[in-house]
Amino acid sequence: MANNKNFETLDPENWDEMRQLAHQMVDDALDYIQSSQDRPAWRPVPPEVAQRLESPAPEEPTNPTAVYAEFRELIEPYTMHTAHPRFWAWYMGSGTVLGALAELLAATLNPNVGGGNHAAPLVEKQVLKWVGKMMGFPDNAGGLLTSGGSMANFTALTVARNTRAGYDVRRKGLSAAAGQLALYASSEVHSCHQKSIETLGLGTAGLRKIEINDDYTINLEALARQVAADRASGMIPFCVVANAGTINTGAIDDMNAIADLCEREGLWFHVDGCIGAVAVLAENVRSQMAGIERADSIALDLHKWMHIPFEAGCVLVRDAAVHYNSFALVPEYLARAADDGGMASGNLWFSDYGLQLTRQFRALKVWMSIKEHGLARFGRMMARNVDQARYLGELIETADGLELTAPIGLDIVCFQYDPGGLDTEALNHLNKAILVRLQESGVAAPSYTTLKGRYCLRVAISNHRSRFEDFDLLVEEVLRLGSELATAASGRKSSK
């Protein structure tokens, strides 16, 4: 018999000590979220910390308590503090407590949700049905949880290309196409669509960006003209992407009108709803999402406005069969039948609906979060954020020196500090400086964008912890910093 006395594994050498450390980690994690407003909204990584994070991997074990202490010292203070009530950068959800704990449970179970006969795929199936019903999709629609919106959109566009190209793309490849395949979206479309089109082999020429209206929605007349002109020139239009909330300003395209055009032209209708599609749950937004239920596919990000911890993207496809046909590939080592028995039995293999065979159990945190809060509460949080965006807009419009730079779409507010008397270049430089000072002070963490050549402060209010008074503070700080920086710049100029 083998001697197992010194048998080595990766389990703790002392389970009691690990249990004590685990309890401490959970307590600290809850304290971190509960006290989020007491720390800076952001702080830069000091050079000495960055240097320590470049050290080589250890060859020998380190005590877990010491490893955790390094985390507390080097990592926790210098991350994106998305839980902070004044974190409004880019477009990120602010997380939930049970969602974070669900990640621990998912990692503890550690299943591969590519397929197999176990509970995790059934949880993902249920989550997809919940989200599909939210969007007005039929019960038999297909879908997949993904890392985020980029992969959700890529998955949907792959199905769109394969379904509407007019021939078997998987078997024959793009060289068999009768012409250049073309996808249409507004000039405000997210950059992931260009990456997707390039990766799908269509090149940047395959993405036809259409001009926008003054409210940053797609110009429908220009869209129709471009489709007709491209078809006449021998190109093959196959898909139109509508924005249910653009990344820059939150603009919502007319989805019913786009659906009508797609029906007339035989095009796939895809909605990039990563910013706003889930706002069908909000009473003050729902009507703006009219037509989304007519889409052939929708991409969503549940880790944005539904605050599921990263990563939690989602793609829905109305026709599950064409979704399956775009990705399914069953080699001999994955062969299975529903009635064969054993671990491989069953026909629910999510690896048949996307690129990944190895897939994490991301559905659990979605399932537990929706169970805990209910969809109505999520809707109320979104509705409040929309009201807060309007409130911030009113503060900006009534403040001397501030100007909205775009219509407020959903929960995104773009504005600029303008004391008067400065050209565009000087104004852009001044607003960049305001943003950096605002972030580095830790008071608030908005981000930025450029609209029609103007550098703007961009406040994406997808935060369930934000209070109305947080926006009063933001405006006060922008005005204070703007005045200080403008005065300093004027002094430097006059001294030359």
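Refer to the structure presented above.
Since the structure is predicted, the reported quantities are computational estimates derived from the model, not experimental observations.

Cut-offs used in this document
- Residues numbered from 1 in each chain as written.
- Predicted model: local features only at pLDDT ≥ 70, side-chain atom pairs only at ≥ 80, totals over all residues.
- Heavy atoms only, no water.
- Core = buried A, V, L, I, M, F, W, Y, C linked by side-chain atoms within 4.5 Å.
- Buried < 20%, exposed > 50% of the residue type's maximum accessible area, 1.4 Å probe, protein only.
- Helix = DSSP H or I, 4+ residues; strand = E, 2+ residues; numbered from the N terminus.
- Contact = heavy atoms within 4.5 Å.
- Axes fitted to C-alpha atoms, helices over the stretch in contact; angles between N-to-C directions.
- Parallel < 35°, antiparallel > 145°, perpendicular 65-115°, else oblique.
- Left-handed = near helix turned anticlockwise from the far one by under 90°.
- Nonpolar A, V, L, I, M, F, W, Y, C, P; charged D, E, K, R; others polar.
- Salt bridge = Lys/Arg side-chain N within 4 Å of Asp/Glu carboxyl O.
- Pairing = 2+ DSSP bridges.

M135, M289, I292, L302 and M306 are the most contacted members of the largest nonpolar core, which totals 103 residues. At nine residues, helix α12 (residues 363-398) tops the list of elements feeding residues into this core. Those residues in contact with M135 that sit more than four places away from it in its chain are A277, V278, V280, I292, E293, I298, L300 and L316.

What follows is about the packing of helix α5 (residues 119-134) against α12. Two elements in contact, α5 and α12, have axes separated by 9 Å at closest approach and are oriented at 50°. When the axes of α5 and α12 are compared, the pair comes out oblique. Once α5 is placed against α12, the crossing between them reads as left-handed. In contact with V123, E124, Q126, V127, W130 and M134 of α5, α12 contributes A363, L364, V366, W367, I370, K371 and L375. Taken together, the residues of the contact of α5 with α12 break down into 10 nonpolar, one polar and two charged.

Moving on to the pattern of salt bridges. One pass over the structure, following the stated rule, counts 18 salt bridges. The closest approach of N and O atoms between R72 and E76, which form a salt bridge, is 3.1 Å. Residue classification places E76 among the buried residues on the basis of a relative accessible area of 16%. In this structure, the salt-bridge partner of D260 is R294, at a minimum N-O distance of 2.7 Å.

Turning to the sheet that holds strand β4 (residues 207-210), a few remarks are in order. Hydrogen bonds between backbone atoms are what pair the strands of a sheet, whose relative direction is either parallel or antiparallel. Sheet architecture is open: seven strands sit in the order β2-β8-β7-β6-β5-β3-β4, paired in mixed fashion. The open sheet is flanked by β2 (142-146) and β4, the only strands paired with a single partner. Here the strands of the sheet are splayed against their neighbours by 20° on average, with no regard to which way each runs. As paired elements, β2 and strand β8 (residues 313-317) share five bridges and run antiparallel to each other. Each bridged residue has a counterpart across the sheet, and for G143 the counterpart in β8 is L316. Set on the sheet, helix α8 (residues 192-199) makes contact with β3 (181-186), β4, β5 (236-243) and β6 (268-272); between it and β4 the angle comes to about 155°.

Let's shift gears to unusual backbone geometry. Excluding glycine, residues mostly carry a negative phi; peptide bonds, for their part, are mostly trans. Cis geometry is adopted by the peptide bond preceding E311, which originates at F310 and carries an omega value of 0°. Within the secondary structure, E311 is located in the loop between β7 (297-301) and β8. Located in the positive-phi region is Y216, a residue other than glycine, with phi close to 70°. Residue position: Y216 is located in the loop between β4 and α9 (220-232). Judged by its relative accessible area of 4%, Y216 is buried.

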